[in-house]
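Chain by chain, the residues:
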Amino acid sequence: MQANQLLTLVQMLSPAYPVGAFAYSHGLEWAVQDRAVQDCRSLEAWLASVLRHGAGYSDALFLSAAYQTEDPAEIDALARAFAPSAERLKETVLQGEAFARAGSEIWQIALPPLCYPVAVGRAARLQNLPLPQTLEVFLHTFIANLATAGMRLIPLGQTEGQIVIRNLAPLCVEIAAEAQEGTLDDLTSTAFLSDIASMKHETQYSRIFRT
């Protein structure tokens, strides 16, 4: 991996990149209110489940498939259909549209408005970024954003939140390797409580996050 590729990847998936990731909790806000997540240990367990059995794994497969195809339109349609709730669909579509707009202007690439993991996979392909590292950084950024939401909601200290991110980093690498070798036939989602949390959040009375 060349230095310019690494820096491009880090910039595209940086918290500063204008996709509005800070506005989404992926249902975690409801989980905290319901006391399913209330400390460092339960946050780490929740996020590990989302990574292994929920959107972490499925989005990695969508990213990998989008990277390896010439036309990601069908993959994008499948990724949208795979969203388990209205809020989760909003989350992936709006972030993907924002990512596509930014990528088209910043990198001068033809990036249509795709849902988020598909847009990242397509952008990485167009810029010749290596798929393994793209998957690893994508998953790490995803979990870091949710850990940051947990820090605000529970609340947790920044050091505790960073320990959660550190502990989940090996799982990001493991899932990235699986997704690189996998296909869309491997799609699955059994993080049921996370999916229910995103549905419950739609009618939550007091909310900080959009999802």
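Residues numbered from 1 in each chain as written. Predicted model: local features only at pLDDT ≥ 70, side-chain atom pairs only at ≥ 80, totals over all residues. Heavy atoms only, no water.

Draft legend 1. Up close: the packing of aromatic side chains. Considering all chains together, one arrives at four aromatic pairs under this definition. Ring centres 5.8 Å apart and planes at 75° place the aromatic pair Phe99 and Tyr116 in the edge-to-face group. Separated by 17 residues along the polypeptide, Phe99 in helix α6 (residues 86-107) and Tyr116 in helix α7 (residues 116-126) bring together distant segments of the chain. Of the two residues, Phe99 and Tyr116, neither departs from the other in class, the shared state being buried. Ring-pair connections join several aromatic residues into one group, and the members of that group are Tyr17, Phe99, Tyr116 and Phe138. (Phe/Tyr/Trp six-rings, centres within 6.5 Å; stacked < 30°, edge-to-face > 60°. Helix = DSSP H or I, 4+ residues; strand = E, 2+ residues; numbered from the N terminus. Buried < 20%, exposed > 50% of the residue type's maximum accessible area, 1.4 Å probe, protein only.)

Draft legend 2. Representation of the packing of helix α4 (residues 55-67) against helix α8 (residues 131-153). It is at 10 Å that the axes of α4 and α8 come closest, and there the two elements cross at 150°. Crossing hand, α4 versus α8: right-handed. Packed against α4, whose contacting residues are Ala55, Gly56, Asp59, Ala60, Leu63, Ser64 and Tyr67, the element α8 presents Leu131, Thr134, Leu135, Phe138, Leu139 and Phe142 at the interface. Partitioned by chemical class, the residues of the contact of α4 with α8 number nine nonpolar, three polar and one charged. (Axes fitted to C-alpha atoms, helices over the stretch in contact; angles between N-to-C directions. Left-handed = near helix turned anticlockwise from the far one by under 90°. Contact = heavy atoms within 4.5 Å. Nonpolar A, V, L, I, M, F, W, Y, C, P; charged D, E, K, R; others polar.)

Draft legend 3. Structural view of the packing of helix α3 (residues 40-53) against helix α9 (residues 158-181). Relative orientation of the contacting elements α3 and α9 amounts to 15°, with a least axis distance of 10 Å. Classified by the angle between their axes, α3 and α9 sit roughly parallel to one another. The two elements α3 and α9 cross, and the hand of that crossing is right-handed. Contacts from Cys40, Leu43, Glu44, Leu47, Ala48, Leu51 and Arg52 of α3 reach α9 at Glu160, Val164, Asn167, Leu168, Leu171, Cys172, Glu174, Ile175 and Glu178. (Parallel < 35°, antiparallel > 145°, perpendicular 65-115°, else oblique.)

Draft legend 4. Inspection of α6 at higher detail. Compared with an ideal rise of 1.5 Å per residue, which puts 22 residues at 32 Å, α6 spans 31 Å between its outermost C-alpha atoms and is within 8% of the ideal. Within the span of α6, buried status applies to Glu87, Arg88, Glu91, Thr92, Val93, Gln95, Gly96, Ala98, Phe99, Ala100, Ala102 and Gly103. Packed against the buried residues of α6 are α1 (3-12), α4, α5 (73-81), α7 and α10 (192-201). Positive backbone phi, approximately 60°, marks Gln108, located one or two places after α6. (Expected span 1.5 Å × (residues − 1).)

Draft legend 5. Local environment of the pattern of salt bridges. Taken as a whole and judged by the stated rule, the model has six salt bridges. For Glu174, the salt bridge is made with Arg52, and the minimal N-O distance between the two is 2.5 Å. With Glu174 in helix α9 and Arg52 in helix α3, this residue pair connects regions lying 122 residues apart in the sequence. For Arg52, a relative accessible area of 21% gives the class partly exposed. Look at the salt bridges and you will find they share partners, linking Arg52, Glu174 and Glu178 into a network. (Salt bridge = Lys/Arg side-chain N within 4 Å of Asp/Glu carboxyl O.)

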